[in-house]
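# Descriptive structure summary
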Amino acid sequence: NGPRGDKPFVAVNCAAIPRDLIESELFGHRKGAFTGATEDRCGLFHAAAGGTLLLDEVVDMPIGTQAKLLRALQERHIRAIGGNEETPVDVRVIASSNQDLEAAIRENRFREDLYYRLAVIRIELPPLRDRMEDVPALVQHFIEKLGKKFARHVTGIAGDALGRPAAARRGHPDCGRL
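None of these values were measured; they are calculated from a predicted model. (Residues numbered from 1 in each chain as written. Predicted model: local features only at pLDDT ≥ 70, side-chain atom pairs only at ≥ 80, totals over all residues. Heavy atoms only, no water.)

### Comments concerning the pattern of salt bridges
Operational definition: Salt bridges are defined as contacts in which a side-chain nitrogen from Lys or Arg sits within 4 Å of a carboxyl oxygen from Asp or Glu. Runs of H or I in DSSP of at least four residues are treated as helices and runs of E of at least two as strands, each being numbered from the N terminus. Only protein chains enter the area calculation, which uses a 1.4 Å probe; residues under 20% of their type maximum are buried, those over 50% are exposed, and those in between are partly exposed.
Using the criterion set out here, one finds 12 salt bridges in the structure. Glutamate 85 serves as the salt-bridge partner of arginine 30, at 3.1 Å between the closest nitrogen and oxygen. Here arginine 30 is found in the loop between α1 (22–27) and α2 (44–47), whereas its partner glutamate 85 is found in the loop between β3 (77–78) and β4 (87–88), with 55 residues between them in sequence. For glutamate 85, a relative accessible area of 40% gives the class partly exposed. Salt bridges linked by common partners bring Arg71, Arg79 and Glu86 together as one network.

### Quick notes on the packing of aromatic side chains
Put simply, the rule reads: Working definition: rings of Phe, Tyr and Trp (its six-membered ring) pair if their centres are within 6.5 Å, and the pair is stacked with planes under 30 degrees apart, edge-to-face with planes over 60 apart, and tilted otherwise.
Tallied over the full model, the rule gives two aromatic pairs. Here phenylalanine 27 and phenylalanine 45 contribute two aromatic rings whose centre-to-centre distance is 5.4 Å and whose plane-to-plane angle is 15 degrees, an arrangement assigned as stacked. Within this pair, whereas phenylalanine 27 is found in helix α1, its partner phenylalanine 45 is found in helix α2, the two being separated by 18 residues in sequence. The class of phenylalanine 45 is buried, set by a relative accessible area of 2%. On the numbers, 5.0 Å between centres and 80 degrees between planes, the contact of tyrosine 115 with tyrosine 116 is edge-to-face. Residue classification places tyrosine 115 among the buried residues on the basis of a relative accessible area of 8%.

### Quick word on the sheet that holds strand β1 (residues 9–13)
Quick reminder of the rule: Note on pairing: DSSP must find at least two bridges between two strands before they are called paired. Axes here refer to lines fitted to C-alpha atoms; in helices the fit is confined to the stretch in contact. Angles between the N-to-C directions go from 0 to 180 degrees.
Taken in spatial order, the three strands line up as β1-β2-β5 in an open sheet, and their pairing is parallel. Edge positions in the sheet fall to β1 and β5 (92–96), since each has one partner strand and no second. When the angles between neighbouring strand axes are averaged without regard to direction, this sheet yields 15 degrees. Relative to β5, strand β2 (residues 52–56) runs parallel, the two being bridged by five bridges. Paired with leucine 54 across the strands is isoleucine 94, a residue of β5.

### With respect to a nonpolar patch on the surface
Let me state the cut-off plainly: Surface patches are drawn from residues lacking salt bridges whose relative accessible area is over 30%; two like charges belong together within 9 Å, two nonpolar side chains (Val, Leu, Ile, Met, Phe, Trp, Tyr) within 5 Å. Here the accessible surface of atoms and residues is derived via Shrake-Rupley with a 1.4 Å probe, and residues count as covered only by protein chains that are part of the display.
Together, Leu128, Leu138, Phe142, Leu146 and Phe150 make up an exposed nonpolar region whose accessible area comes to about 410 Å². Within the secondary structure, leucine 128 sits in the loop between α5 (112–118) and α6 (135–149). Taking the relative accessible area as the measure of exposure, leucine 128 reaches 35% and is therefore partly exposed.

### Describing helix α3 (residues 63–75)
Rules: What a helix is expected to span follows from its residue count: subtract one and scale by 1.5 Å. Taking the helix axis as origin, the arc is that swept by the directions to the C-beta atoms. Contacts: residue pairs with any heavy atoms within 4.5 Å of one another.
With 13 residues, α3 extends 18 Å from end C-alpha to end C-alpha; this agrees with the ideal 18 Å at 1.5 Å per step. When we look at burial in α3, the residues that qualify are Thr65, Gln66, Leu69, Leu70, Ala72 and Leu73. Buried residues of α3, viewed axially, fall in a sector of 165 degrees; they line one side. Where the residues of α3 are buried, they touch α1, α2, β2, β3, β5 and α5. Where α3 terminates, the next one or two residues include arginine 76, which has phi positive at roughly 60 degrees.

Right, here's the structure in full:
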């Protein structure tokens with residue numbers, strides 16, 4: 001509903017990108033900047049221009065790239081690998097991790113200054129097991145989504161399925177079926 005609502009949303013899993021390529025993925029590169037750079041390439045900051053860039057598993061980003069990310073957030077400019085010019089960027093950055101970032105800071109795996117730059121608004125989402133009241137809405141969402149995907153008309157789930165513990169559902173003949 002905000003001013004960036006109709007702009008690009010670009011999600012990147014920092015843990016899934018090889019450590020030596022993540023900087024190029026984020027900031028882009030110029031032809032000849034490294035072996036295999038056969039053409040200029042814009043990065044994900046440019047792809048998310050005006051919108052939102054989600055950095056999932058940000059703690060897995062190499063320390064050197066964390067420093068460049070911090071500078072990009074502070075200065076609102078980026079420089080492609082092998083480039084000389086600074087390019088302004090207007091991107092909202094959201095970072096997420098399933099790891100404890102404060103512990104990663106203590107272990108020197110995550111920059112404290114970057115943490116404080118990213119933690120402007122911090123949202124902690126407890127595991128689903130600690131918020132069971134969310135399960136019915138999630139079940140309904142997936143019934144609708146998978147029903148459309150597999151062209152099935154599903155109106156609900158069997159009787160007491162929501163109330164049964166996970167251990168009791170394992171091995172049940174209907175478990176996992178739509």
